[in-house]
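Residue-level structure breakdown
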Amino acid sequence: MLLLALLLCCCPRALGQPEESQFGDDLESELADFDLDIAPRRVPRQVKTILSKETKPHIQELAIKTTIISRYAFTAVHCAMLNRRSAAAEGVFQFQIPAGAFISNFTMIIGGRVYQSEVTPKKKKVKQENGEAGNKESGDASVEEVEVFRMAASIPGRNRAVFLLTYEELLRRRLGRYEHVTSLRPLQLVSRLSLDVTIVDHSPVTDLQVLPLRGGRSTGSAPPRSPAKLEPPVTTAIRKENNVCKITFSPNIIQQAKITTNGMLGDFVIRYDVQRDMGIGDVQVLNGHFVHYFAPKDLPVVPKNVVFVIDTSASMSGTKIRQTKDALFTILKDLRPSDRFNFISFANKIKVWQPERLVSVTPLNIRDAKKFIFTLVPNGGTNIDDAIRTGSGLLRDYLSGPDASPNSVSLIIFLTDGRPTVGEIESAAILGNTRSAAQEKFCIFTIGIGNDVDYRLLERMALENCGMMRRINEEADASALLKGFYDEIGTPLLSDIRINYTEDSVHYVTQHLFPNYFNGSEIVIAGKLSNRSAESLRVQVTASSSDRTVVLETDVPLRRRQAETEKRVRAATTTVAAGAQAAGSEVAQGLGLVLGSMAEDFVERLWGFLSVKDGLRSRLRSQTSAEREDHVRRVANLSLTYNFLTPLTHLVVERPEVLADVNFFLCQVLNGHFVHYFAPKDLPVVPKNVVFVIDTSASMSGTKIRQTKDALFTILKDLRPSDRFNFISFANKIKVWQPERLVSVTPLNIRDAKKFIFTLVPNGGTNIDDAIRTGSGLLRDYLSGPDASPNSVSLIIFLTDGRPTVGEIESAAILGNTRSAAQEKFCIFTIGIGNDVDYRLLERMALENCGMMRRINEEADASALLKGFYDEIGTPLLSDIRINYTEDSVHYVTQHLFPNYFNGSEIVIAGKLSNRSAESLRVQVTASSSDRTVVLETDVPLRRRQAETEKRVRAATTTVAAGAQAAGSEVAQGLGLVLGSMAEDFVERLWGFLSVKDGLRSRLRSQTSAEREDHVRRVANLSLTYNFLTPLTHLVVERPEVLADGTMATAPASPPPLLASTANELPGEGNPPKSDGEPGSQTSSLSNKIGKVKRRPAKKSITFSKTSADGDPHFVVDFPLSKLTVCFNINGEPGHILRLVSDHQRSGVTVNGKLIGAPPPPGSRKLQRTYFSTITIVVDRPRRAYIEVTPKKVILDGRDRMVLPCHATVAVDSGALSVSVAGGSNVTVTIGGIIVFVILLHQYKNPAPYQRDHLGFYIADGKGLSGDCHGLLGQFLHEEVGLARLPAGGREGPAAALQVKRRSVPVVRKSRRLYGGARTVDCWFARNNAAKLIDGRYEDYVTSHMFDTAQRPHGTNGA
């Protein structure tokens, strides 16, 4: 549908239709994917075109919620993207945050999995490269000038991704206003866009103003002054009530398109102030922390002495110098008569307008200054050092002269657009010279214009000299921003401000000494209270104004301020929650909860925010490395405590690894088995029809009935409007709340149902049979009527605390009646409370009717457990789920038909792969949702999944081993080895686990004894194979025998052989071994044992033949008729699988061996060695089976599958196959009694670096193999060879030539050690990978996988 819509949009004639018809019904139905808030037919043609051509994931929802509580702003951003394509696509979440804010959380939810970010310390002096190891990558955000946070992630086809970002900032007061800016630049039209800002303050909010959208890239420094009449953006709603204001902005997709079609809406700007009283300021207290806002007003202006130092290098040409001049002309008008000023321009050289003095503000001086500014011409380089020192000298000389006002404020305003290129160019030297020149007598404010500025130099220059730095972007209006910056610092009201608190009452106070206070700004201090129980806090402020010293003092009542602050926090959270509730959006409610949680500790978080800011400034001002390291440590620790992303921390996010074309399940493949996890989400809820059948017999009295009622009252609240329901109570008699019908969920029906539940009184007996049949009849009648929804899910929830005592009391009869009543039309879920319940009856009742049983212990909280059980099954998303796989590609698949899938659950299926060499596995899922049939299909790439699963297993075993190694405990290391060994076959063991579970359920559902016995046999065999203790197996433990004198009895000379039942025997035949029951008996019987165990000791002494492949690998072939032994080497590559024996067409036997690599021993000429790590024997007669041998285990897969350890002695017969393991020595495989292979186990207890556990393969009896047998060894079994001796061949001894299949092969005499070095044989050695000796070349014997049996043509290697 999507491709068709795109085709119609892009190529209107593609289907022979006119252009105007391209937005027909097909496209309108396709628009449903975008989840618009408006009907598709109302969407304009231009918007439809934009949406239909969109190829990247579409943003369905962008919700931004901000809570500003006492000027500290918490913002949460929720972005939901939909990948409408079938293939995975990259979704990019991009959001611009204010430069002064700190990110405090980032989370992604993709494919149902949550990817939580982690703030970690930045590694010292480590350069970040693109893409870190593994799946962990950092957000692309430079925090020192944070503008854009960007995160890209792959989104599976037809799937959603949710991005959640939170950040915090303290709003700065500038020119009498706080300004909050939200960037709205989603880069595309958004289906649902909403912005919600809540302002809650201790004082009434004044001068609230919402500006028009500020387009383009935000500079973050726009001056607050604006024209008087400014209309807020369309759809903006403002609600103001004294201390609380709420602003919302939610344009639909059409309104967005009218603003811009590229998604770059601009900045949403809110400005406001708060009413403030004269005096000490506002102090707020919360949870042991305080914050103090100080912003006095109506004070006389302090005179200022200002030197403007302006860059006039060549790079300032054009717009920059023009805008700078315009700003300076305007600033000249704003100078006050009491001020003193001067101008310096700098390029290669320094020019001073009025040398050696600062001049007063007179009309003549202003005129002359304008002339100087007008004549400035950019040229030359940038001599920053001399410029700063010259300006500093001017100010120092003036301040030491007689004309300087003692209470004036002195400052340098320094502007540049480049880096130092003339004079001193080293930043450290320039900073040192600046400090020496300023001598802490005045402040330096720096301004950078454009992208070629050393902003770190300007920032440090300002911070080290009590000023601040401002950045102006290249494309910004520099004139307005320069004037705005001057306005902020152009009206000083106080200098040398010191704020003190009661000694020993506070600690960890943020900056409390300030050189200046400018009109319209605000000073904010925060700290911790040392004594929370103190009644008051003494606050003292001292400062200098224009004509006197100011001293302000007061006692702050801490408890009252705590209560007031708590009240404001409650007001904030209540307002946010009410707004979210009114919106009716789960997203809005979720964001409200997030912000509410953060706001509860806003004073502490504000203290953390300011402490980090102070620490970062102190770090930049540090003069020694030790001082710097101390600040770095403190800031890093605080950042981690509050999860702030700062210049000293790093945001690490695990990104999802999206597997192509698999967006509705996870499939893992390992060693011929697969497991399939299916857990879809974001599906509409399926309506349910539910009948609650509740036991009210006398035994339910007291706590049980009370808790049951509580749970039912809660469950009633959770029923959905589309559901249908009824209640039945039962004791001696049956009571039906609404006879003969199921009712809809309405307030009136809920009220009446509560009355029915409330009146339930326990008495009498327990009539389970009639209760179930009555409930079943209600459901059957409803489902056959006209009101039933065809796709609804029907169920009975049955609860009892006892056994049947009234009516039918025989379990078999009750189960039969239940099956007849249900007729497979609905599921029955049973709950038992207490110890007097027939749980076997309830379990069978549930299992036979597609439900499940839950047990509640006598002392448990039944109310919570009942509600929890209902929550598990109360939200059906799918029904009639059928999961199918490629025919003939799998077998022994566990349960793959499911009546229902409930929200939050998971379906797991496992099975065996019939054909391991298959490239892919086709998977199809069909199910019914609330309104349609769902069909999902995909091809699973088996080899890739095998590799991925092996990678996960290696990661698991490595992690376990590393943890055990770190623990340093032999026990931990031993457990790690055990778990690692088991994990290597976790998919197979999971299949075995599920198969046993399925079998046990099927056993309970069995209707005949034959059916039951079949399930018992299969489950018992599987339990023995995987060593599971189940209801059908028995745990036998050998106990130590302690003698009368307290010593241990002598242990047996050798351990008893491991026992395994034969695969073709039915458990239950014969009698199990008896224990004599006497003291000292060595077995402990824990349960009844089912099944017969056959003892057959394995043979440990076996006569081997010479024909073998062992060691590196060295091949030896014995020709008994010719009385010759021939040997050769194969120099294979690690990972190669060699065909050793190939007789698939005749005897049905194939043997393959896999090579592993090892480094050579010291002094060896070889670069590497290879050994056999795995040998498989595949048998195709009379039925397909295989044996896989490794140094650790033997896998026998015949009628049933068995895994035998190589360290134990065990013998197993399975049809035509017989396996005998001599513990730690060898494995003998006998096929049909006429073919015998022996596999030696080479194991090392303490291996050297060049040693690997490996196998040796010997053909002990090959008479059963046909004359057409082939393979590296098999081709010689029925051949004869001749030998012709040649003249001496040098060091190698007498040379000769073998005559093999009419080929002449040069050979030399050598010796070989067999059977692990136990025997040595002389043989004739053929060089060069057995060239001419074997048919074809060595590469012809390399197969694709371990179970490959295909016949391959081989060359003849003619002589």
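**Remarks on the overall build of the protein chain**
Helix and strand content of the protein chain: 25 helices and 65 strands. The proportion of buried residues among the 1359 residues of the protein chain is 53%. Taking the contacts inside the protein chain whose residues are at least 6 apart along the sequence as the reference set, 69% of them involve residues at least 24 apart. With an accessible surface of roughly 60900 Å², the protein chain has 50% of that area assigned to carbon and sulfur atoms.

**Comments concerning helix H15 (residues 703-718)**
With 16 residues, H15 ought to run about 22 Å at 1.5 Å a step, and its terminal C-alpha atoms sit 23 Å apart, in line with that. Those residues of H15 not exposed but buried are Lys704, Ile705, Gln707, Thr708, Lys709, Ala711, Leu712, Ile715 and Leu716. Where H15 is buried, its residues meet strand S34 (688-695), strand S35 (724-730), helix H16 (747-758), strand S38 (793-800), strand S39 (827-833) and helix H20 (862-873).

**What about the nonpolar core?**
Membership of the largest hydrophobic core comes to 59 residues, with the highest contact counts inside it found for Phe1115, Phe1128, Phe1237, Phe1257 and Leu1333. Phe1115 has contacts with Ser1108, Ala1109, Val1126, Cys1127, Phe1128, Ile1130, Leu1138, Leu1140, Phe1172, Leu1272 and Leu1273, leaving out every residue within four places of it along the chain. Core analysis: the next-biggest nonpolar cluster, separate from the first, contains 47 residues, Tyr115, Leu165, Ile199 and Leu265 among them.

**A look at the state of the cysteines**
For the structure on display, the rule yields three disulfides. The disulfide that involves Cys443 links it to Cys466, with 2.0 Å between the sulfurs. Of note, the bridge from Cys443 to Cys466 carries an S-S torsion of about -110° and is left-handed in sense. A residue pair is termed long-range when its members are at least 10 positions apart, and Cys443 in strand S23 (residues 443-449) and Cys466 in the loop between helix H9 (455-463) and strand S24 (469-472) qualify at 23 residues. Here Cys827 pairs with Cys850 through a disulfide, and the sulfurs are 1.9 Å apart. One disulfide, between Cys827 and Cys850, carries an S-S torsion of -110° and so falls in the left-handed class. Here Cys827, found in strand S39, pairs with Cys850, found in the loop between helix H19 (839-847) and strand S40 (853-856); they are 23 residues apart in sequence, far enough to count as distant. Each bonded cysteine in the protein chain gets a number by its place in the sequence, and the pairs come out as 1-2, 3-4, 5-6.

**Re the sheet that holds strand S9 (residues 173-174)**
A sheet is described by the order of its strands in space; here four strands give the open sequence S9-S10-S15-S12, paired in antiparallel fashion. Where the open sheet ends on each side, the last strands, each with one partner, are S9 and strand S12 (205-210). With four bridges joining them, S12 and strand S15 (residues 266-274) adopt antiparallel strand pairing. For Val210, the partnering residue across the bridge sits in S15 and is Ile270.

**A word on the packing of helix H8 (residues 427-438) against H9**
What describes two packed helices is the angle between their axes and the distance between those same axes. Axis separation between H8 and H9 bottoms out at 10 Å; the angle between their running directions is 20°. By the angle class used here, H8 and H9 are roughly parallel. Note that H8 runs across H9; the crossing there is right-handed. Residue-level contacts link Ser427, Ile430, Leu431 and Thr434 of H8 to Leu457, Arg460 and Met461 of H9. For the contact of H8 with H9, the per-class residue count stands at four nonpolar, two polar and one charged.

**What about the confidence of the model for the protein chain?**
For the protein chain, the mean per-residue pLDDT works out to 82, and 84% of the residues sit at or above 70. A low-confidence stretch, residues 1-27 stays under pLDDT 50, and its non-local contacts, those more than four residues away or across chains, total 38 contacts. Overall, residues 217-228 carries pLDDT values under 50, and its contacts beyond four positions in sequence, including any with other chains, amount to 35 contacts.

**What about the pattern of salt bridges?**
Taken as a whole, this structure holds 62 salt bridges when the rule is applied. The shortest N-O distance in the salt bridge between Arg819 and Glu848 comes to 2.6 Å. Separated by 29 residues along the polypeptide, Arg819 in helix H18 (residues 811-822) and Glu848 in the loop between H19 and S40 bring together distant segments of the chain. For Glu848, a relative accessible area of 13% corresponds to the buried category. The shortest N-O distance in the salt bridge between Arg922 and Asp939 comes to 3.1 Å. Separated by 17 residues along the polypeptide, Arg922 in strand S45 (residues 920-928) and Asp939 in strand S46 (residues 933-941) bring together distant segments of the chain.

**Looking at the packing of aromatic side chains**
By the definition in use, this model includes 44 aromatic pairs. Each ring, one from Phe341 and one from Phe343, has its centre 6.1 Å from the other, and the planes form 85°; the classification is edge-to-face. For Phe341, a relative accessible area of 0% gives the class buried. Look at Phe343 and you get buried, because its relative accessible area is 2%.

**What to know about the environment of Lys123**
Structurally, Lys123 is set in the loop between strand S5 (113-121) and strand S6 (136-138). Note on Lys123: relative accessible area 63%, which makes it exposed. The spatial distance from the C-alpha of Lys123 to the C-alpha of Thr649 is 8.6 Å, given a sequence separation of 526 residues.

**Points about the environment of Ser521**
Checked against the element boundaries, Ser521 lands in the loop between strand S27 (513-518) and strand S28 (523-529). As for Ser521 and Pro492, which are separated by 29 residues in sequence, their C-alpha atoms are 9.9 Å apart.

**Topic: unusual backbone geometry**
Non-glycine residue Asp504 carries a positive phi angle of around 70°. Within the chain, Asn671 stands out as a residue other than glycine whose phi angle is a positive 50°. Structurally, the position occupied by Asn671 is in the loop between strand S32 (666-670) and strand S33 (673-678).

**Some words on the packing of H18 against H19**
Put simply, H18 and H19 touch, their axes get as near as 10 Å, and they point 20° apart. Judged on the interaxial angle alone, H19 and H18 are roughly parallel. In the packing of H18 onto H19, the handedness of the crossing is right-handed. Facing Ser811, Ile814, Leu815 and Thr818 of H18, the residues of H19 in contact are Leu841, Arg844 and Met845. Looking at side-chain class alone, the contact of H18 with H19 contains four nonpolar, two polar and one charged residues.

**Observations concerning the pairing of strand S13 (residues 237-241)**
The pairing of S13 with strand S14 (residues 244-249) spans five bridges and is classified as antiparallel. The partner of Lys240 across the bridge, within S14, is Cys245. Taking the residues between adjacent antiparallel strands as the criterion, S13 and S14 are bridged by two residues, where Asn242 takes a positive phi near 50°.

**As for a nonpolar patch on the surface**
Taken together, the side chains of Val960, Val978, Leu979 and Met982 make up a nonpolar region of the molecular surface, amounting to roughly 320 Å² of accessible area. Top element by residues in the nonpolar patch is helix H22 (residues 970-983). It accounts for three residues. Residue classification places Val978 among the partly exposed positions, given a relative accessible area of 45%.

**Details of the sheet that holds strand S26 (residues 506-507)**
The strand order across the open sheet built from four strands is S16-S17-S28-S26, with neighbouring strands paired in antiparallel fashion. Pairing within the sheet leaves two strands with one partner each, and these edge strands are strand S16 (282-286) and S26.

**Some words on H16**
For H16, built from 12 residues, the straight-helix expectation of 16 Å at 1.5 Å per residue is met to within 8% by its first-to-last C-alpha distance of 16 Å. Every buried residue belonging to H16 is among Asn749, Ile750, Ala753, Phe756 and Ile757, and all of these are buried. Along the axis of H16, the buried positions cluster into a sector of 120°, meaning they face one direction only. Facing away from the buried side of H16, by more than 90 degrees, are the exposed residues Pro747 and Phe758. In the core, the buried residues of H16 are packed alongside H15, S35, strand S36 (734-736) and strand S37 (743-744).

**Looking at the environment of Leu913**
By the secondary structure assignment, Leu913 is in strand S44 (residues 907-913). On the basis of relative accessibility, which here comes to 9%, the residue Leu913 falls in the buried class. Spatially, the C-alpha atoms of Leu913 and His673 are 5.7 Å apart, while their sequence positions differ by 240 residues. In this view, Leu913 contacts Val669, Gly672, Phe674, Ser889, Val890, His891, Leu921 and Leu942; residues no more than four positions away in its chain are not counted.

**Notes on the side chain of Gln946**
The residue Gln946 is located in helix H21 (residues 942-967) in this model. A distance of 3.2 Å separates a polar atom in the side chain of Gln946 from the backbone nitrogen of Asn671.

**Looking at the side chain of Ser545**
Mapped onto the elements, Ser545 comes out in the loop between strand S29 (536-544) and strand S30 (549-557). Those residues within four positions of Ser545 in sequence are excluded, and the remaining contacts are Val302, Asn407, Leu493, Leu494 and Val550.

Each value, and the rule that gives it
Residues numbered from 1 in each chain as written. Predicted model: local features only at pLDDT ≥ 70, side-chain atom pairs only at ≥ 80, totals over all residues. Heavy atoms only, no water. Helix = DSSP H or I, 4+ residues; strand = E, 2+ residues; numbered from the N terminus. Buried < 20%, exposed > 50% of the residue type's maximum accessible area, 1.4 Å probe, protein only. Contact = heavy atoms within 4.5 Å. Areas by Shrake-Rupley, 256 points an atom, 1.4 Å probe, with all protein chains shown as cover. Expected span 1.5 Å × (residues − 1). Core = buried A, V, L, I, M, F, W, Y, C linked by side-chain atoms within 4.5 Å. Disulfide = S-S within 2.5 Å. Pairing = 2+ DSSP bridges. Axes fitted to C-alpha atoms, helices over the stretch in contact; angles between N-to-C directions. Parallel < 35°, antiparallel > 145°, perpendicular 65-115°, else oblique. Left-handed = near helix turned anticlockwise from the far one by under 90°. Nonpolar A, V, L, I, M, F, W, Y, C, P; charged D, E, K, R; others polar. pLDDT = per-residue confidence, 0-100. Salt bridge = Lys/Arg side-chain N within 4 Å of Asp/Glu carboxyl O. Phe/Tyr/Trp six-rings, centres within 6.5 Å; stacked < 30°, edge-to-face > 60°. Patch = residues over 30% accessible without salt bridge, like charges linked within 9 Å, V, L, I, M, F, W, Y side chains within 5 Å. Arc of directions from axis to C-beta. Polar contact = N/O pair within 3.5 Å; in protein donor to acceptor, adjacent residues only side chain to side chain.

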